[in-house]
Amino acid sequence: RREARGSRRRLRRHRHRNERIRQAIVNSGLLSKEELDGLYSGVQEDIYRLRVRALDEPVSRKEFAKILIHLSQRRGFRSNRRGEAGGEDGKLLKAVNENRQRMAEKGYRSVGEMLLLDEEYSQHKRNKGGQYVSTVSRDMVEEEARLIFSAQRGFGVSFAGEALESDYLEILLSQRSFDEGPGGN
(Lines give C-alpha, C1' and ligand atoms only; values in the text may rest on other atoms or scores of the structure.)
Protein backbone atom coordinates (compact mmCIF):
# COMPACT_ATOMS: atom_id res chain seq x y z
CA ARG A 1 0.00 0.00 0.00
CA ARG A 2 2.85 2.37 0.80
CA GLU A 3 4.32 2.05 -2.71
CA ALA A 4 0.96 2.68 -4.35
CA ARG A 5 0.36 5.72 -2.16
CA GLY A 6 3.85 7.02 -2.92
CA SER A 7 3.24 6.63 -6.66
CA ARG A 8 -0.06 8.47 -6.42
CA ARG A 9 1.58 11.32 -4.53
CA ARG A 10 4.46 11.55 -7.00
CA LEU A 11 2.11 11.60 -9.99
CA ARG A 12 -0.22 14.12 -8.33
CA ARG A 13 2.72 16.42 -7.55
CA HIS A 14 4.03 16.07 -11.11
CA ARG A 15 0.62 17.02 -12.54
CA HIS A 16 0.27 19.91 -10.11
CA ARG A 17 3.74 21.24 -11.02
CA ASN A 18 2.86 20.97 -14.71
CA GLU A 19 -0.38 22.90 -14.11
CA ARG A 20 1.52 25.62 -12.21
CA ILE A 21 4.10 25.92 -15.02
CA ARG A 22 1.31 26.23 -17.60
CA GLN A 23 -0.44 28.83 -15.47
CA ALA A 24 2.80 30.83 -15.15
CA ILE A 25 3.20 30.72 -18.95
CA VAL A 26 -0.34 32.08 -19.41
CA ASN A 27 -0.02 34.66 -16.59
CA SER A 28 3.23 36.02 -18.04
CA GLY A 29 1.58 36.57 -21.42
CA LEU A 30 3.99 34.20 -23.15
CA LEU A 31 1.05 32.28 -24.65
CA SER A 32 -2.71 32.44 -24.32
CA LYS A 33 -4.65 29.52 -22.85
CA GLU A 34 -5.84 28.55 -26.36
CA GLU A 35 -2.31 28.65 -27.78
CA LEU A 36 -1.07 26.55 -24.88
CA ASP A 37 -3.81 23.96 -25.39
CA GLY A 38 -2.84 23.56 -29.07
CA LEU A 39 0.90 23.66 -28.44
CA TYR A 40 1.61 20.05 -29.39
CA SER A 41 -0.51 19.72 -32.53
CA GLY A 42 1.27 19.04 -35.80
CA VAL A 43 4.82 17.92 -36.50
CA GLN A 44 7.19 18.48 -33.59
CA GLU A 45 10.89 19.33 -33.72
CA ASP A 46 13.14 17.18 -31.51
CA ILE A 47 12.89 18.90 -28.13
CA TYR A 48 16.57 18.32 -27.33
CA ARG A 49 17.56 19.95 -30.62
CA LEU A 50 15.25 22.85 -29.73
CA ARG A 51 16.84 23.20 -26.28
CA VAL A 52 20.30 23.48 -27.86
CA ARG A 53 19.06 25.86 -30.57
CA ALA A 54 17.69 28.16 -27.84
CA LEU A 55 21.25 28.67 -26.61
CA ASP A 56 22.43 29.86 -30.04
CA GLU A 57 19.54 31.75 -31.62
CA PRO A 58 16.19 33.30 -30.76
CA VAL A 59 13.22 30.94 -30.63
CA SER A 60 9.50 31.63 -31.00
CA ARG A 61 7.11 31.99 -28.08
CA LYS A 62 5.68 28.53 -28.68
CA GLU A 63 9.11 26.93 -28.89
CA PHE A 64 10.15 28.69 -25.68
CA ALA A 65 7.02 27.40 -23.90
CA LYS A 66 7.76 23.85 -25.10
CA ILE A 67 11.27 24.12 -23.68
CA LEU A 68 10.00 25.33 -20.32
CA ILE A 69 7.42 22.55 -20.09
CA HIS A 70 9.96 19.91 -21.12
CA LEU A 71 12.51 21.04 -18.54
CA SER A 72 9.86 20.92 -15.83
CA GLN A 73 8.93 17.37 -16.78
CA ARG A 74 12.54 16.19 -16.60
CA ARG A 75 13.82 18.41 -13.84
CA GLY A 76 16.56 16.15 -12.51
CA PHE A 77 17.29 14.29 -9.30
CA ARG A 78 17.60 15.87 -5.88
CA SER A 79 17.95 13.62 -2.90
CA ASN A 80 16.08 14.48 0.27
CA ARG A 81 18.07 12.07 2.42
CA ARG A 82 19.75 13.44 5.49
CA GLY A 83 22.33 10.69 5.91
CA GLU A 84 24.60 8.60 3.75
CA ALA A 85 23.37 7.83 0.25
CA GLY A 86 22.95 4.12 -0.22
CA GLY A 87 20.87 1.76 -2.33
CA GLU A 88 18.87 3.52 -5.02
CA ASP A 89 20.13 7.00 -4.08
CA GLY A 90 23.72 5.79 -4.36
CA LYS A 91 23.18 4.56 -7.92
CA LEU A 92 21.47 7.81 -8.90
CA LEU A 93 24.17 9.99 -7.36
CA LYS A 94 26.88 7.92 -9.08
CA ALA A 95 25.16 8.45 -12.45
CA VAL A 96 24.74 12.18 -11.73
CA ASN A 97 28.45 12.52 -10.94
CA GLU A 98 29.44 10.61 -14.08
CA ASN A 99 27.22 12.87 -16.22
CA ARG A 100 28.58 16.01 -14.55
CA GLN A 101 32.12 14.78 -15.28
CA ARG A 102 31.21 13.94 -18.90
CA MET A 103 29.79 17.45 -19.40
CA ALA A 104 32.99 19.02 -18.07
CA GLU A 105 35.31 16.74 -20.09
CA LYS A 106 33.50 17.19 -23.40
CA GLY A 107 32.64 20.86 -22.91
CA TYR A 108 28.87 20.59 -23.16
CA ARG A 109 27.11 23.82 -22.20
CA SER A 110 23.92 22.17 -21.01
CA VAL A 111 22.26 18.86 -20.20
CA GLY A 112 20.17 19.14 -23.37
CA GLU A 113 23.31 19.52 -25.47
CA MET A 114 24.90 16.47 -23.83
CA LEU A 115 21.77 14.35 -24.36
CA LEU A 116 21.53 15.44 -28.00
CA LEU A 117 25.16 15.21 -29.11
CA ASP A 118 26.74 12.45 -27.03
CA GLU A 119 26.49 9.02 -28.66
CA GLU A 120 26.07 7.37 -25.24
CA TYR A 121 22.62 8.95 -24.95
CA SER A 122 21.34 8.38 -28.49
CA GLN A 123 19.16 5.51 -27.21
CA HIS A 124 18.98 6.46 -23.51
CA LYS A 125 17.43 9.88 -23.10
CA ARG A 126 15.08 8.37 -20.52
CA ASN A 127 15.98 5.90 -17.79
CA LYS A 128 14.45 2.44 -17.90
CA GLY A 129 14.57 -0.69 -15.79
CA GLY A 130 16.97 0.33 -13.06
CA GLN A 131 19.47 1.92 -15.46
CA TYR A 132 20.28 5.52 -14.64
CA VAL A 133 22.49 6.47 -17.59
CA SER A 134 20.79 9.81 -18.26
CA THR A 135 20.22 10.90 -14.66
CA VAL A 136 21.20 14.48 -13.98
CA SER A 137 20.87 16.62 -10.88
CA ARG A 138 18.27 19.31 -10.44
CA ASP A 139 20.92 22.02 -10.29
CA MET A 140 22.18 20.96 -13.75
CA VAL A 141 18.67 21.43 -15.15
CA GLU A 142 18.36 24.74 -13.28
CA GLU A 143 21.62 25.90 -14.86
CA GLU A 144 20.31 25.01 -18.34
CA ALA A 145 17.08 26.93 -17.70
CA ARG A 146 19.08 29.97 -16.56
CA LEU A 147 21.34 29.71 -19.63
CA ILE A 148 18.35 29.56 -21.97
CA PHE A 149 16.63 32.54 -20.33
CA SER A 150 19.88 34.51 -20.41
CA ALA A 151 20.62 33.61 -24.04
CA GLN A 152 17.12 34.57 -25.16
CA ARG A 153 17.34 37.91 -23.33
CA GLY A 154 20.73 38.43 -25.01
CA PHE A 155 19.03 38.03 -28.39
CA GLY A 156 16.57 40.77 -27.42
CA VAL A 157 13.61 38.45 -26.91
CA SER A 158 11.11 40.31 -24.76
CA PHE A 159 9.11 37.33 -23.50
CA ALA A 160 12.08 35.77 -21.65
CA GLY A 161 11.94 38.34 -18.86
CA GLU A 162 13.37 38.06 -15.39
CA ALA A 163 9.90 37.94 -13.79
CA LEU A 164 8.97 34.82 -15.78
CA GLU A 165 12.38 33.29 -15.03
CA SER A 166 11.93 33.88 -11.31
CA ASP A 167 8.40 32.43 -11.26
CA TYR A 168 9.43 29.49 -13.43
CA LEU A 169 12.47 28.57 -11.33
CA GLU A 170 10.47 28.81 -8.12
CA ILE A 171 8.02 26.21 -9.47
CA LEU A 172 10.72 24.08 -11.12
CA LEU A 173 12.85 23.82 -7.99
CA SER A 174 10.09 23.38 -5.41
CA GLN A 175 10.07 20.09 -3.54
CA ARG A 176 8.16 19.02 -0.48
CA SER A 177 9.96 17.58 2.45
CA PHE A 178 9.88 13.79 2.42
CA ASP A 179 7.77 13.62 5.61
CA GLU A 180 5.30 16.26 4.48
CA GLY A 181 2.14 14.66 3.16
CA PRO A 182 -0.75 16.37 1.41
CA GLY A 183 -2.44 17.36 4.70
CA GLY A 184 0.58 18.90 6.41
CA ASN A 185 1.83 16.91 9.40
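Our structure is the block above this text.
On a predicted model such as this, the values are computed, not experimentally measured, just so you know. (Residues numbered from 1 in each chain as written. Predicted model: local features only at pLDDT ≥ 70, side-chain atom pairs only at ≥ 80, totals over all residues. Heavy atoms only, no water.)

Caption draft 1: The arrangement of the packing of helix H7 (residues 138-154) against helix H8 (residues 162-173) in detail. Put simply, H7 and H8 touch, their axes get as near as 11 Å, and they point 165 degrees apart. Taken together, H7 and H8 sit at an angle that is classed as roughly antiparallel. The element H7 and its partner H8 pack so that their crossing is right-handed. On H8, the residues touching Arg138, Val141, Glu142, Ala145, Arg146, Phe149 and Arg153 of H7 are Glu162, Leu164, Glu165, Tyr168, Leu169, Leu172 and Leu173. (Axes fitted to C-alpha atoms, helices over the stretch in contact; angles between N-to-C directions. Helix = DSSP H or I, 4+ residues; strand = E, 2+ residues; numbered from the N terminus. Parallel < 35°, antiparallel > 145°, perpendicular 65-115°, else oblique. Left-handed = near helix turned anticlockwise from the far one by under 90°. Contact = heavy atoms within 4.5 Å.)

Caption draft 2: Representation of the packing of aromatic side chains. In total, this model carries 3 aromatic pairs according to the counting rule given. Here Phe64 and Phe149 contribute two aromatic rings whose centre-to-centre distance is 5.1 Å and whose plane-to-plane angle is 85 degrees, an arrangement assigned as edge-to-face. Within this pair, whereas Phe64 is found in helix H4 (residues 61-73), its partner Phe149 is found in helix H7, the two being separated by 85 residues in sequence. Here Phe64 matches Phe149 in class, with each residue buried. Both rings, one in Phe64 and one in Phe159, keep their centres 5.4 Å apart while their planes meet at 55 degrees; by these two values the pair is tilted. Highlighted residues: Phe64 in helix H4 and Phe159 in the loop between H7 and H8, separated in sequence by 95 residues. According to the relative accessible area criterion, Phe159 is buried, its value standing at 15%. Linked through ring pairs, Phe64, Phe149, Phe159 and Tyr168 together constitute an aromatic cluster. (Phe/Tyr/Trp six-rings, centres within 6.5 Å; stacked < 30°, edge-to-face > 60°. Buried < 20%, exposed > 50% of the residue type's maximum accessible area, 1.4 Å probe, protein only.)

Honestly, that's just the spatial picture; any functional story needs more than this.
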